[in-house]
Amino acid sequence: MNDRTFEKFIVRALKQQSYIEAISLLHNTIEIYLQYRVLRHLTDGKPMEYYIKKRQKIKSGGKQNSLVILAEVCHLFDIIDDSTFTKIKTFNRGRNDVIHNLLETELVYSEIQSIARLGREIQLKLSPFDWDEPTINQVMSYFDNPEKIPEEDLP
């Protein structure tokens, strides 16, 4: 698995309108992207061994690996802006409702789709692929027309 493969799984879930699957994939991807940004910030200019050591420490940190904690660290170091930080917290609350409390909540299909949409927006903006704004807008338009997702983007 690599970033491109993971992206294809996200695209497939969105094309099939499997928004709960997409939310889970997006959550994991955003967490990885935030982890990468923190590590890049902490290891800037240091040798690769230092980076590898810090990455191992973060990966084994259990709760320190959670999306909100990583977002808070990124926000603290100005790696992400206020708007992105707020969106991540909103997405995480929605994700928790869908993944952990779906049977106890009264979420409707459009709300689940909206949570997935927010996650996708965050994921694209944090992506190391450096999507430009027109590309992000094109990708986001697929939420309204999932049948138009190009077949070559699928696994």
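Just above, that's the structure.
This one's a predicted model, so the numbers in the text were calculated from it and none came from an experiment. (Residues numbered from 1 in each chain as written. Predicted model: local features only at pLDDT ≥ 70, side-chain atom pairs only at ≥ 80, totals over all residues. Heavy atoms only, no water.)

## A short note on the overall build of the protein
Consideration 1: Counting secondary structure elements, the protein contains seven helices and zero strands.
Consideration 2: Counted from the first residue to the last, the protein has its helices and strands arranged as α-α-α-α-α-α-α.
Consideration 3: With 155 residues in all, the protein has 37% of them scored as buried.
Consideration 4: Excluding contacts between residues fewer than 6 apart, the proportion of contacts in the protein whose partners are at least 24 apart in sequence is 65%. (Helix = DSSP H or I, 4+ residues; strand = E, 2+ residues; numbered from the N terminus. Buried < 20%, exposed > 50% of the residue type's maximum accessible area, 1.4 Å probe, protein only. Contact = heavy atoms within 4.5 Å.)

## So, the nonpolar core
Consideration 1: By size, the foremost hydrophobic cluster in this structure holds 36 residues, and its most contacted members are Leu34, Ile80, Ile88, Phe91 and Leu126.
Consideration 2: Every element with two or more residues in this core is listed here: helix H1 (3-15), helix H2 (19-43), helix H4 (67-76), helix H5 (82-101), helix H6 (109-126) and helix H7 (133-141).
Consideration 3: Sorting elements by how many residues they give to this core places H2 first, with nine residues.
Consideration 4: Among residues more than four places away in sequence, those in contact with Phe91 are Ile23, Leu26, His27, Ile30, Leu67, Ile115, Leu118, Gly119 and Ile122. (Core = buried A, V, L, I, M, F, W, Y, C linked by side-chain atoms within 4.5 Å.)

## Concerning the environment of Arg37
Consideration 1: Checked against the element boundaries, Arg37 lands in helix H2.
Consideration 2: Separated by 37 residues in sequence, Arg37 and Cys74 have C-alpha atoms that sit 7.5 Å apart.
Consideration 3: Residues contacting Arg37, with those up to four places away along its chain left out, are Cys74, Ile79, Lys125 and Leu126.

## Thoughts on the packing of aromatic side chains
Consideration 1: Evaluated as defined, the whole model comprises three aromatic pairs.
Consideration 2: Ring geometry for Tyr19 against Phe143: centres 6.1 Å apart, planes inclined by 15 degrees, an arrangement best described as stacked. Placement of the pair is Tyr19 in helix H2 and Phe143 in the segment after H7, with a sequence separation of 124 residues. Comparing Tyr19 with Phe143, the two get one shared label, buried.
Consideration 3: Geometrically, the ring pair formed by Phe129 and Trp131 is edge-to-face, given 5.7 Å between the ring centres and 75 degrees between the ring planes.
Consideration 4: The class of Trp131 is partly exposed, set by a relative accessible area of 26%. (Phe/Tyr/Trp six-rings, centres within 6.5 Å; stacked < 30°, edge-to-face > 60°.)

## Concerning the pattern of salt bridges
Consideration 1: Going through the model one piece at a time under the given rule, you end up with five salt bridges.
Consideration 2: Its salt-bridge partner being Lys125, residue Glu121 comes within 3.7 Å of it at the nearest N-O pair. With a gap of four residues between them, Glu121 and Lys125 both fall in helix H6, about one helical turn apart. (Salt bridge = Lys/Arg side-chain N within 4 Å of Asp/Glu carboxyl O.)

## Examining H4
Consideration 1: Along H4, the residues that are buried comprise Leu67, Leu70, Ala71 and Cys74. Considered in projection along H4, the buried side chains sweep an arc of 100 degrees and stay on one side of the axis.
Consideration 2: Looking at the buried side of H4, the elements it contacts are H2 and H5.
Consideration 3: Of the residues one or two after H4, Asp78 is the one with positive phi, at around 55 degrees. (Arc of directions from axis to C-beta.)

## Some thoughts on H5
Consideration 1: Across its 20 residues, H5 extends 27 Å between first and last C-alpha, which sits within 8% of the 28 Å expected from 1.5 Å per residue.
Consideration 2: Along H5, the positions that sit buried rather than exposed are Thr84, Phe85, Ile88, Phe91, Asn92, Gly94, Arg95 and Val98.
Consideration 3: If you follow the buried residues of H5, they end up packed against H2, H4 and H6. (Expected span 1.5 Å × (residues − 1).)

## Some remarks on the packing of H2 against H4
Consideration 1: Contact geometry for H2 and H4: axes closest at 9 Å, N-to-C directions at 35 degrees. The two elements H2 and H4 cross, and the hand of that crossing is left-handed. Where H2 approaches H4, its residues His27, Ile30, Glu31, Leu34, Gln35, Arg37 and Val38 are matched on the opposing element by Leu67, Leu70, Ala71, Val73 and Cys74.
Consideration 2: Of the residues assigned to the contact of H2 with H4, the class counts are eight nonpolar, two polar and two charged. (Axes fitted to C-alpha atoms, helices over the stretch in contact; angles between N-to-C directions. Left-handed = near helix turned anticlockwise from the far one by under 90°. Nonpolar A, V, L, I, M, F, W, Y, C, P; charged D, E, K, R; others polar.)

Distances and angles like these do not, on their own, reveal function.
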